[in-house]
Amino acid sequence: PQLSPESFADTISKEVAGRCIQTVFPGTDDALWAMSKWRHAFPDSVLRCLPSHEAVARIRDRAMLHDLAVTLKIPCIETFRVAARSEVEPVIRAAKKIGLPALVRPLIPIDERIDGTRRQSKVLPVANVAELRRLLNARKDIVAGGCLIEPRPQGRTIGYGAVYQN
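Quantities reported herein were computed from a predicted structural model and do not represent experimental measurements. Starting afresh in each chain, residues are numbered from 1 along the sequence in its written order. Local features in a predicted model are, by the rule used here, given only for residues with pLDDT of at least 70; side-chain atom pairs are given and counted only at 80 or more, and totals for whole chains, interfaces and linings are based on all residues. As a rule here, side-chain values cover all heavy atoms of the structure and leave hydrogens and water aside.

Excluding glycine, residues mostly carry a negative phi; peptide bonds, for their part, are mostly trans. One non-glycine residue, Cys20, adopts positive backbone phi at about 55°. A helix here means a DSSP run of H or I that spans at least four residues, while a strand means a run of E at least two residues long, and both kinds are numbered starting from the N terminus. Inspection of the secondary structure puts Cys20 in the loop between helix H1 (5–19) and helix H2 (29–37). Any residue under 20% of the maximum accessible area for its type is buried, any over 50% is exposed, and the rest in between are partly exposed; the area is computed with a 1.4 Å probe on protein chains only. Note on Cys20: relative accessible area 59%, which makes it exposed. Look at Lys73: it is not a glycine, yet its phi comes out positive at around 65°. Within the secondary structure, Lys73 sits in the loop between helix H5 (62–71) and strand S1 (80–82). In this structure Lys73 comes out as exposed when scored by relative accessible area, which is 72%.

If you want it as structure tokens, here you go:
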């Protein structure tokens, strides 16, 4: 949404009401997040196809999503989790095995603040072990908040995945 998330949801709900629309398929993660957060503005016909806000928030938690996919036996790329300073060196050694370059992803890609504003957490590419070590030692916020390290795709790739458990 180009508007604030609440304004976006309000604008869409007015379009739904004015045009007697029965179903809306959000086209982006931000649209899905906004519509689920302000779901009270939508009629029941739209809500039938809209996951709960809790479910939307949970699928955006990368660690939980990865763990759930593994539990459901969905093949996943090898990923290493860092959630404490003591885990940095063991994870760096393990990351050498999956190969570099790699991507360092915050566990939760969107920081939702108490005032309702949101901030996109950046995915950080690293080319080699030295860059990975330097990043994890310099950015204490990344380690404190938790992050995943995964192989960086090479060439052309496309991918999107989500697991929704009702």
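Okay, the sheet that holds S1 next. Strand pairing is defined by DSSP finding a minimum of two bridges between the two strands. The 4 strands lie next to each other as S1-S6-S2-S5, forming an open sheet whose pairing is antiparallel. The sheet is open, and its two edges are formed by S1 and strand S5 (124–126), each paired on a single side. Between one strand and the next, the sheet's axes are offset by a mean angle of 25°, whatever the strand orientation. Relative to strand S6 (residues 147–151), S1 runs antiparallel, the two sharing 3 bridges. Among the inter-strand pairings, Phe80 is bridged to a residue of S6, identified as Ile149. Sitting on the sheet, helix H7 (residues 129–138) touches strand S2 (102–106), S5 and S6, and the angle it makes with S5 is about 140°. For every element, the axis is a line fit to its C-alpha atoms; helices are fit only across the contacting stretch, and the angle between N-to-C directions ranges from 0 to 180 degrees. Contacts are assigned to residue pairs that have any heavy atoms within 4.5 Å of one another.

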